[in-house]
Amino acid sequence: MKSIAILGSTGSIGTQAIDVVSRLDSVSVAALTAHSNGELLARQVRATGARRAALSDGEAASRHASAFKDMGVRLFAGPEGVLEVIRGGGFDQVLNSIVGFAGLAPTLEILECGMGLALANKESLVAGGKLVMETARRNGVEMIPVDSEHSAIFQCLTGEERAGLARIILTASGGPFREAPRDLSSVTAQDALAHPTWSMGPKVTIDSATLMNKGLEVLEAHHLFSVELDEVDVIIHPQSIIHSMVEMVDGSVLAHLGVPDMRIPIQYALTYPARARCPARFLSLAEVGTLTFDEVDAKRFPCLGLAYEAGRMGKTYAAAMNAANEEAVTAFLAGRMGFTGIAEVVEEVLETHEPLPASGLEEITEAESNARARARESIGRLEA
Ligand SMILES: NC(=O)c1ccc[n+]([C@@H]2O[C@H](COP(=O)([O-])OP(=O)(O)OC[C@H]3O[C@@H](n4cnc5c(N)ncnc54)[C@H](OP(=O)(O)O)[C@@H]3O)[C@@H](O)[C@H]2O)c1
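Quantities reported herein were computed from a predicted structural model and do not represent experimental measurements.

**A closer look at the domain arrangement of the protein**
- According to the domain assignment, the protein contains domain 1 (2–145) and domain 2 (158–260 + 282–383).
- Here the C-alpha centroids of domain 1 and domain 2 sit 24 Å apart.
- Taken residue by residue, the interface counts 20 residues in domain 1 and 24 residues in domain 2.
- Of the roughly 1,700 Å² buried where domain 1 meets domain 2, counting both sides, 70% is carbon and sulfur surface.

Here it is, written out as structure tokens:
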């Protein structure tokens, strides 16, 4: 029996992971963490039998402490509480499904502890890619990606020699604004949250609408699979049936297909290298009928180009871009700024960023918090 911890268990990935684990005889849950949703976390602890839990929002932890005490479960508090849960061990693998930069410190802690890591938190690799990969190598940890595209690539590359890989082709649904409206300046948060093929948390859904999500995934693939940025391409594939492809040096293209259901890659990361029956539907290509592909419209979706640019500039540029994007998405969701402002904020922060070498967590955190401050100024100007 494999024992796991789920960080970010109350989110979209976290709740689906609990659903997946509840149907598997081979996996049990030892620890769960969330940010502030203590009510759901307590229900999840009761349902899974987890023995340890954390709420990274310290105030929420104080408010909800009694519910956990009654269950005889230790509740840790604050961002440090999440790290304490990891350090306490008692599990074989951790699923990191925290959203945003807050996932980086836990990712590094999991790797330093030499635990297995199923990684959904793409921002870890975007902001701290080199550091994360070095820490994984030093501790002999193989990271299993949860993002559907990276899970697809990981599976396509299983058994392949690295020298045989020529190019990674990430597929993108194109989000809700792929075709219309042409002018994106007046779309609302409600419009942007209506994703055509995937049901996800709010931040990643907005990232999908701006195509920043694909930019983050380009950087994620660059680090995870040790490929140059110009060896990662993006193609629009609205049906989200091909989850990504790899092109080999002999011209063979390997693709991974399936219905768009995150429970498949989540389960694969938890049962790897074994496979198990999954509650997701089987794919019927006859029902899908047609698979289509298109180029990205770089003018309407500038965030993808900005992500490549940040990756090429190296140092802490990608961390700064990620910070600016997180701030801008929060402002957009709160109705304080228009949709096209997201790319404007990211661009402005990248232009003025004073980079650091990105060799350690402290440096990355410093650069990212400077970038956040710059982003807030930029958002303030757009609000005015
Ligand atoms: N959803 C998808 O289908 C999908 C697909 C591919 C990749 N991903 C990636 O998976 C990650 C999670 O996405 P999601 O859609 O599941 O997000 P989500 O629904 O917003 O859930 C985020 C989780 O992280 C917790 N959290 C929020 N802020 C935190 C903080 N500062 N410190 C610690 N924990 C915090 C939340 O707790 P509370 O509930 O208490 O706020 C929640 O449990 C993201 O990196 C996303 O890009 C998601």
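**A short note on the sheet that holds strand β4 (residues 74–77)**
- Spatial ordering of the open sheet is given by β4-β3-β2-β1-β5-β6-β7, a layout of seven strands whose pairing is parallel. Edge positions in the sheet fall to β4 and β7 (143–145), since each of these pairs with one other strand and no more. With strand direction ignored, the average angle separating the axes of adjacent strands in the sheet is 25 degrees.
- In the sheet, strand β6 (residues 116–119) pairs with β7 via three bridges, with the strands oriented parallel. Bridge pairing in β7 links A118 to I144.
- Sheet strands in contact with helix α3 (residues 58–70) are β3 (52–55) and β4, and its direction is about 175 degrees off that of β4.

**Some details on the site of the ligand**
- T10, S36, N37, E123 and D147 are the nearest of the 24 residues found near the ligand.
- Side-chain polar atom of T10 to an oxygen atom of the ligand: 2.6 Å apart, as the coordinates give it.
- Within the contact set of the ligand, an oxygen atom lies 3.4 Å away from a backbone nitrogen or oxygen of V99.
- Out of a free accessible area of 900 Å², the ligand has 86% covered by protein chains.
- Elements supplying a minimum of two residues to the shell around the ligand: α1 (12–22) and α6 (122–138).
- Class assignment for the residues of the shell around the ligand results in nine nonpolar, 12 polar and three charged.
- Mapping the shell around the ligand onto the domain boundaries places at least three of its residues in each of domain 1 (2–145) and domain 2 (158–260 + 282–383).

**Here's the deal with unusual backbone geometry**
- Note that the residue after A180, namely P181, is joined by a cis bond; omega there is -5 degrees.
- By the secondary structure assignment, P181 is in the loop between β8 (165–172) and α8 (189–192).
- Across the junction of Y272 and P273, the peptide omega takes the value 5 degrees, indicating a cis bond.
- Note on placement: P273 falls in the loop between α11 (263–271) and α12 (285–288).
- With a phi angle near 70 degrees, L211 is a residue other than glycine that sits in the positive phi range.
- Summarising the element assignment, L211 is placed in the loop between α9 (202–210) and α10 (212–224).
- Phi at A358 is positive, roughly 65 degrees, even though this residue is not glycine.

**Re empty space enclosed by the protein**
- Inspection of the entire model under this criterion finds one cavity of 30 Å³ or more.
- The calculated volume of the largest cavity comes to roughly 60 Å³.
- Contributing to the lining of the largest cavity are S148, S151, Q155, W198, H243, H256, L257, G258, V259, D261, I264 and P265.
- Elements represented by at least two residues in the lining of the largest cavity include exactly α7 (148–157), β11 (253–257) and α11.
- In terms of residue count, α7 provides more of the lining of the largest cavity than any other element does, three residues in total.

Basis of the calculations
Residues numbered from 1 in each chain as written. Predicted model: local features only at pLDDT ≥ 70, side-chain atom pairs only at ≥ 80, totals over all residues. Heavy atoms only, no water. Domains from an automatic or database assignment. Contact = heavy atoms within 4.5 Å. Buried area = accessible area lost by both parts, 1.4 Å probe. Pairing = 2+ DSSP bridges. Helix = DSSP H or I, 4+ residues; strand = E, 2+ residues; numbered from the N terminus. Axes fitted to C-alpha atoms, helices over the stretch in contact; angles between N-to-C directions. Near = heavy atom within 4 Å. Polar contact = N/O pair within 3.5 Å; in protein donor to acceptor, adjacent residues only side chain to side chain. Areas by Shrake-Rupley, 256 points an atom, 1.4 Å probe, with all protein chains shown as cover. Nonpolar A, V, L, I, M, F, W, Y, C, P; charged D, E, K, R; others polar. 1 Å grid on protein atoms, 1.4 Å probe; cavity = no way out; pocket = protein on both sides within 12 Å on 5 of 7 lines; lining within 4 Å. Points joined across faces, edges and corners; volume = space filled by probe spheres on them.

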